[in-house]
Amino acid sequence: MNQEFLTPKQQELIQKVRELSKTYILPNAAKWDRDQIYPWEIVQALQAEKLMGVWIPEKYGGLGLGVFELCLLVEELSRHCGGVGVAYAVNALGSFPILLGGTEEQKQEWLPPIARGEKLISFGLSEKISGSDAGSMITKAIKEGDEYVLYGEKKWNTNGGAATIYTIYATTDPNRGHRGVSAFLLEKGHPNFEIGYMEDKMGIRTVSVHELYLNGARVPADRLLGGKEGTGFANAMMTLDRARPGVAAQALGLAQGALDLTIEYLTKHSGEFPKSYTYEDGQFFPDEWESAPKSSEQAIQFRLAELATKIEAARHLVYTAAKLIDAGAKNISQISAMCKLFATDTAMEVTSECMSLWGIEGCLRDHPIEKYYRDAKITQIYEGTNQIQRLVIARNLLRSFSA
Ligand code: CAA
């Protein structure tokens, strides 16, 4: 892809992450995936390069860049391993709630260690019976004096166990539905807050996904995000609007990585193609064969052209969404949902098609194409299923016409 429109700083960041990926991800990705090992080596390398909080403002210790740079880095990491891409991106998902809704004291206390990479953060919204309908959560926080006591279970917590800080959503007023949802900041090791069952997943196996158990965890009132009850649902929605381009960038990296690997294979490996034909009874019969790179077949070239075009289209949507967010655009829900929908569906199509182009080899366990395919599937599901993205897009479209 031609990236000449990127600034020298952005190109430098990508180059740095590319080098780190080659050093730390490439030799380890298959092992991390097989044994579900958290990718600490690359996380620590990113920490050492001060790249863990590129989206966090400088006054809180970050690089003061934006969602666009976050997406560039997630894309690059995911070209090498989708699990590492999300392990990185989830720190944005977890820290956006603080950036968007935290008090100044909370920002000063919680953001600098995340920006420095000393602490990873995770996002606790979903529950066993509350996924797409996020407002129906039953985890509750009961006010007792100047503390809140939290009871319930959280599900699908990405980076669970590895993260030190957890943004937890709980209802402080069940009678008010989504308007009763509040957000809290908890730390690993807090009494009665347990990192529970670890999922055994099909893809993104290097990143840990856990259940979280709140068995009467008492937190001081200053852990209530923004210091105000009932603001949690809108905070979660605004967070997801800003985080979904990160999932789209993960999908983009997976699609690009799978296509690059496939093109390399098709240009380096030969197939037998008919050199001359005899025409008989209305049919062509090959009478001489020759060896040529698989990529010389026009049917394959046309397919590669279609896949590359879709990736490029997805890239433009992701970059546009990220830039609109960074520009402070008013309504970002629609474009954010669109880029997530399109890029993740593209990743699924590209990785599946690349597997077909590799033939049976691509279906073997531990084959990089098989991993790209497995890693891609979840991107259509988490941070809002693609059905939810369609719902968000449609609601915004209809609203703009009825306004
Ligand atoms: N920004 C700000 N506020 C918003 C908003 C937005 N984008 N979207 C909705 N709201 C507000 C509305 O204004 C409304 O406010 P009022 O009550 O004051 O009027 C309120 O939220 C409710 O809005 P809706 O009626 O539209 O809510 P809904 O319940 O019908 O639908 C939904 C909302 C879009 C379906 C939402 O529930 C949703 O996004 N669901 C998917 C959740 C999700 O993505 N979960 C993934 C979690 S992360 C994960 O997967 C794991 C991981 O670690 C990676």
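Placed above this text is the structure.
First, a word on scope: everything that follows refers to the structure included in this document. Predicted model, so just to flag it, every value in this text is computed and none were measured. (Residues numbered from 1 in each chain as written. Predicted model: local features only at pLDDT ≥ 70, side-chain atom pairs only at ≥ 80, totals over all residues. Heavy atoms only, no water.)

### Looking at the packing of aromatic side chains
Consideration 1: With the rule as written, the count across this model stands at 10 aromatic pairs.
Consideration 2: Aromatic pair Phe123 and Tyr169: ring centres 5.3 Å apart, planes at 65 degrees, arrangement edge-to-face. Residue Phe123 is found in strand S1 (residues 121-124), and its partner Tyr169 is found in strand S4 (residues 165-171); the two are separated by 46 residues along the sequence.
Consideration 3: Judged by its relative accessible area of 0%, Tyr169 is buried.
Consideration 4: Ring pairs connect the aromatic residues Phe5, Phe68 and Tyr319, which therefore count as one cluster.
Consideration 5: If you follow Lys155 out to its NZ or CZ, it ends over the ring of Trp156, 4.7 Å from the centre.
Consideration 6: Across the ring face of Phe68, the terminal group of Lys323 is positioned such that the distance to the ring centre comes to 4.8 Å. (Phe/Tyr/Trp six-rings, centres within 6.5 Å; stacked < 30°, edge-to-face > 60°. Helix = DSSP H or I, 4+ residues; strand = E, 2+ residues; numbered from the N terminus. Buried < 20%, exposed > 50% of the residue type's maximum accessible area, 1.4 Å probe, protein only. Lys NZ or Arg CZ within 6 Å of the ring centre and 35° of its normal.)

### Here we look at a nonpolar patch on the surface
Consideration 1: On the surface, Tyr277, Tyr279 and Phe284 cluster together into a nonpolar patch covering about 400 Å² of accessible area.
Consideration 2: With respect to the helices and strands, Phe284 occurs in strand S9 (residues 283-293). (Patch = residues over 30% accessible without salt bridge, like charges linked within 9 Å, V, L, I, M, F, W, Y side chains within 5 Å. Areas by Shrake-Rupley, 256 points an atom, 1.4 Å probe, with all protein chains shown as cover. Salt bridge = Lys/Arg side-chain N within 4 Å of Asp/Glu carboxyl O.)

### Concerning the nonpolar core
Consideration 1: Leu46, Trp55, Tyr88, Leu150, Phe184, Leu186 and Val318 are the most contacted members of the largest nonpolar core, which has 113 residues in total.
Consideration 2: Setting aside anything within four residues of it in sequence, one finds Trp55 in contact with Leu65, Gly66, Leu70, Tyr88, Asn91, Ala92, Ser95, Phe96 and Leu99.
Consideration 3: Ranked by size, the runner-up nonpolar core spans five residues in total, among them Ala337, Ile388, Val392 and Ile393. (Core = buried A, V, L, I, M, F, W, Y, C linked by side-chain atoms within 4.5 Å. Contact = heavy atoms within 4.5 Å.)

### Quick notes on the pattern of salt bridges
Consideration 1: For the structure on display, the rule yields 28 salt bridges.
Consideration 2: In this structure, Arg365 and Glu370 form a salt bridge, with 2.7 Å as the shortest nitrogen-oxygen distance.
Consideration 3: Ionic contacts of the salt-bridge type, sharing partners, join the residues Arg303, Glu306, Lys310, Glu349 and Glu353 into one network.

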